[in-house]
Amino acid sequence: MPYLFGVLVVLNAVMLGYYLFLQQPSATQTLKAAQDEITQPLAFANSAEYIPPVIGSKE
């Protein structure tokens with residue numbers, strides 16, 4: 001029984017190493033759309049135009 005547990009631990013470590021380091025993930029359609037959205041320039045609006053005027057006096 002201890003040998004079976006040891007084999008399972010080693011097999012688990014090998015599979016984890018394979019999926020973490022060797023296998024390259026394939027880009028899904030959602031990932032491609034998100035990457036395209038990130039690379040597009042953002043629209044800029046000057047928010048200072050929308051600040052309300054100061055009310056009252058500084059006295």
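Before any of the text, the structure's been laid out above.
Residues numbered from 1 in each chain as written. Predicted model: local features only at pLDDT ≥ 70, side-chain atom pairs only at ≥ 80, totals over all residues. Heavy atoms only, no water.

1. Some words on the overall build of the protein chain
When its secondary structure is counted, the protein chain shows two helices and zero strands. Projected onto the principal axes, the alpha-carbon positions of the protein chain cover approximately 85 × 35 × 15 Å. The buried share of the protein chain, reckoned over its 59 residues, is 0%. On the protein chain, roughly 6400 Å² of surface is accessible, and the fraction owed to carbon and sulfur atoms is 66%. (Helix = DSSP H or I, 4+ residues; strand = E, 2+ residues; numbered from the N terminus. Buried < 20%, exposed > 50% of the residue type's maximum accessible area, 1.4 Å probe, protein only. Areas by Shrake-Rupley, 256 points an atom, 1.4 Å probe, with all protein chains shown as cover.)

2. Structural notes on a nonpolar patch on the surface
Taken together, the side chains of Met1, Leu4, Leu8, Leu11, Met15, Leu16, Tyr18, Tyr19, Leu20, Phe21 and Leu22 define a hydrophobic patch exposed on the protein surface, amounting to about 1300 Å² of accessible area. Counting through the fold element by element, Leu8 comes out in helix H1 (residues 2-22). For Leu8, a relative accessible area of 48% corresponds to the partly exposed category. (Patch = residues over 30% accessible without salt bridge, like charges linked within 9 Å, V, L, I, M, F, W, Y side chains within 5 Å. Salt bridge = Lys/Arg side-chain N within 4 Å of Asp/Glu carboxyl O.)

3. Details of the environment of Thr28
Looking at where Thr28 falls in the secondary structure, it is placed in the loop between H1 and helix H2 (29-39). The sequence separation of Thr28 and Ser57 amounts to 29 residues, and the corresponding C-alpha distance is 59 Å.

4. Focus: the packing of aromatic side chains
Enumeration according to the criterion identifies one aromatic pair in this entry. Seen in terms of ring centroids, Tyr18 and Tyr19 are 5.1 Å apart; in terms of plane orientation they differ by 75°. Their pairing is edge-to-face. (Phe/Tyr/Trp six-rings, centres within 6.5 Å; stacked < 30°, edge-to-face > 60°.)

5. A few points about the environment of Glu37
As for its position among the elements, Glu37 is in helix H2. Along the chain, Glu37 and Leu22 lie 15 residues apart, while their C-alpha atoms are 28 Å from each other.

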